[in-house]
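# Structural characterization, general
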Amino acid sequence: IYKTISKPPYELLKTDDLSSSLLSLQDIQTAYSRFKQLFFIENSTDFRATDVKWFSLLESTNWLEIIRRVLKKAIEVAECLERQHTNVLLIEESATDLCCVISSLVQVMMDSYSRTKSGFQSLIQKEWVIGGHGFLDRCSHLHKSDKEEAPVFLLLLNCVWQLIQQYPPAFEFTETYLTVLSDSLYVPIFSTFFFNSQHQKDTNTTGEGLSTQRFFTVWDWSVQFDLKAQDFLNNPLYAEKPKPDKSQWKTARFKERHHQQQLSLPLTQTKSSPKRGFFREETDHLIKNILGKRIGKFINSSDEPPNSFREFYDSWHSKPVDYHGLLLPRIDGPEIKVWAQRYLRWIPDAQLHGGGTVATAAKILDFMEEVQSLQVKMDEQCSQAISGDVHAVPMLRNSARLSSLFPFALLQRQSVKPALPTSTWKNLEDEDDLVKRDDEFVDLSGDMS
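Fair warning: this is a prediction, and the values are worked out from it, not measured in the lab.

### Topic: the overall build of the protein chain
Secondary structure summary: the protein chain contains 20 helices and 2 strands in total. Here the protein chain holds 449 residues, and 46% of them are scored as buried. Considering only intrachain contacts with a sequence separation of at least 6, the fraction spanning at least 24 residues in the protein chain is 76%. When the accessible area of the protein chain is evaluated, it comes to approximately 23900 Å², of which 52% is carbon and sulfur surface.

And the structure:
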């Protein structure tokens, strides 16, 4: 950003105060608390009573409206970068909450690398972990005060889930990947989402008496799942980006670096402050630098034509989708949906046995497994040196027995264990503590055999 605005025209910079254009963290927390209450259903009678007035109850929570507004804001930022070629400076009081949501979401929409597993992991590490998002306070891991609690990171995952549902081939990972990532947010053995800053993590995980304390990184999926279970995290229908020719490599790398300069907040190394946030000093210095040069003109959203956003939105959706280019989510009316796999997986009455998208996915994966098997046989005939060791996706042949919330709900019979083994999580706390942690993924079926 410093390199971009140090030369004229200085007016090609737009500042966006997210504290005024989006809801406060307290409002977001209130909406999410009301939203979670819809899924505290103990029996079929409660489910039927809720189901009669489901849509009115869902609308009254305002949670889906918050997701829609966040997606709309991300589209506005993408329009500035893509069509107006204008730099955007995101501002808020802490600079580590909604700024992280919008910045990350825009990068997922504009950069196809951020839609891969490694790219999305790098994005979370850069904007959230190293960026100093207060996971300890926002997730209320220590249950000290509810004033700081807010589902900021879950808000991002909900928005990314909307994109995955609308454009499945554009993502290398699945909704199951997002679901287990959201579950891992509340598992205390992982240090990735447990501290407010890297400095706090280093202070509390090193030193006398703590050297033997071992924390895992959430990105090491082998800690939670075996190899077969990890296959559920990969999208078999992902439209992988073709590798560019060597002649185009330099151009592609230049565009990638240019996008990173535009989309990311300043990344100079500074010591983070729990109160001011990671980017606050950077933002203050940047604003003082701009004002010192007496730049009198900023591009404000009020100066833009009122139909600018709608023209950009409608124009993009009228063209064929490029899964490796810009992705704009559909935000009108019923396009914003409930993340069913995460919130409905423990309600048996909400499951469709042999239905939902899983039935189609099961057939496709069975077909892909058969093609792989035939390919192995062909290779073995051509060369005996090929081992033919192919890891098959652990889907069941009979898709009619699968639930719409697979792999968390596997078969019709409730006594059968889910496909993703998480029995080790149950041993981390007492049963009373697990009941209180409503956002945590708990395997109630017992240990996997």
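### Notes on helix α6 (residues 63-82)
Given a rise of 1.5 Å per residue, 20 residues ought to cover 28 Å, and the 29 Å separating the end C-alpha atoms of α6 matches this to within 8%. Counted residue by residue, α6 has 15 buried out of 20 residues, so it is predominantly covered.

### Here we look at the packing of α6 against helix α10 (residues 152-166)
Two elements in contact, α6 and α10, have axes whose closest approach is 10 Å; the angle formed by their N-to-C orientations is 75 degrees. As summarised for this structure, α6 and α10 are arranged roughly perpendicular, according to the angle between their axes. For the pair α6 and α10, the contacting residues are Trp63, Ile66, Ile67, Val70 and Leu71 in the first and Leu155, Asn158, Cys159 and Gln162 in the second. Broken down by class, the residue content of the contact of α6 with α10 amounts to 7 nonpolar, 2 polar and no charged.

### Quick word on the environment of His85
The residue His85 is located in the loop between α6 and β2 (87-91) in this model. The class for His85 is exposed, based on a relative accessible area of 55%.

### Points about the packing of aromatic side chains
For the structure on display, the rule yields 24 aromatic pairs. A ring pair is formed by Phe39 and Trp54, whose centres lie 5.7 Å apart and whose planes are at 65 degrees; its orientation type is edge-to-face. Placement of Phe39 in the loop between α3 (25-37) and α4 (44-52) and of Trp54 in helix α5 (residues 54-61) is noted, with a sequence separation of 15 residues between them. When sorted by exposure, Phe39 lands in the same class as Trp54, which is buried. The interplanar angle of 90 degrees and the centroid separation of 6.3 Å between the aromatic rings of Trp339 and Tyr343 together place this pair among those described as edge-to-face. Each of the two residues, Trp339 as well as Tyr343, counts as buried. Ring-pair connections join several aromatic residues into one group, and the members of that group are Tyr32, Phe35, Phe39, Trp54, Trp63, Trp161, Trp339 and Tyr343. Lys72 extends its terminal NZ or CZ atom over the ring of Phe309, reaching a point 4.5 Å from the ring centre.

### Comments concerning the pattern of salt bridges
The tally for this structure, following the rule as stated, stands at 12 salt bridges. One salt bridge in this structure joins Asp97 and Arg138, with 2.9 Å as the shortest N-O distance. Within this pair, whereas Asp97 is found in the loop between β2 and α7 (98-110), its partner Arg138 is found in helix α9 (residues 135-138), the two being separated by 41 residues in sequence. You can call Asp97 buried: its relative accessible area is 2%. Asp314 is the salt-bridge partner of Arg310, the closest N and O atoms lying 3.3 Å from each other. Taken together, the positions of Arg310 and Asp314, both in helix α16 (residues 308-317) and 4 residues apart, correspond to about one turn of that helix. You can call Arg310 partly exposed: its relative accessible area is 35%. Through salt bridges with shared partners, a single ionic network connects Asp16, Lys72, Lys73 and Glu76.

### Comments concerning the nonpolar core
Formed by 92 residues in total, the largest nonpolar core has its most connected members in Leu105, Phe120, Phe153, Leu178, Leu181 and Phe193. At 12 residues, the largest contribution of residues to this core is made by α6. Non-local contacts of Leu178, meaning those with residues more than four positions away in its chain, are made with Phe120, Leu157, Val160, Trp161, Ile164, Phe173 and Trp339.

What counts as what
- Residues numbered from 1 in each chain as written.
- Predicted model: local features only at pLDDT ≥ 70, side-chain atom pairs only at ≥ 80, totals over all residues.
- Heavy atoms only, no water.
- Helix = DSSP H or I, 4+ residues; strand = E, 2+ residues; numbered from the N terminus.
- Buried < 20%, exposed > 50% of the residue type's maximum accessible area, 1.4 Å probe, protein only.
- Contact = heavy atoms within 4.5 Å.
- Areas by Shrake-Rupley, 256 points an atom, 1.4 Å probe, with all protein chains shown as cover.
- Expected span 1.5 Å × (residues − 1).
- Axes fitted to C-alpha atoms, helices over the stretch in contact; angles between N-to-C directions.
- Parallel < 35°, antiparallel > 145°, perpendicular 65-115°, else oblique.
- Nonpolar A, V, L, I, M, F, W, Y, C, P; charged D, E, K, R; others polar.
- Phe/Tyr/Trp six-rings, centres within 6.5 Å; stacked < 30°, edge-to-face > 60°.
- Lys NZ or Arg CZ within 6 Å of the ring centre and 35° of its normal.
- Salt bridge = Lys/Arg side-chain N within 4 Å of Asp/Glu carboxyl O.
- Core = buried A, V, L, I, M, F, W, Y, C linked by side-chain atoms within 4.5 Å.

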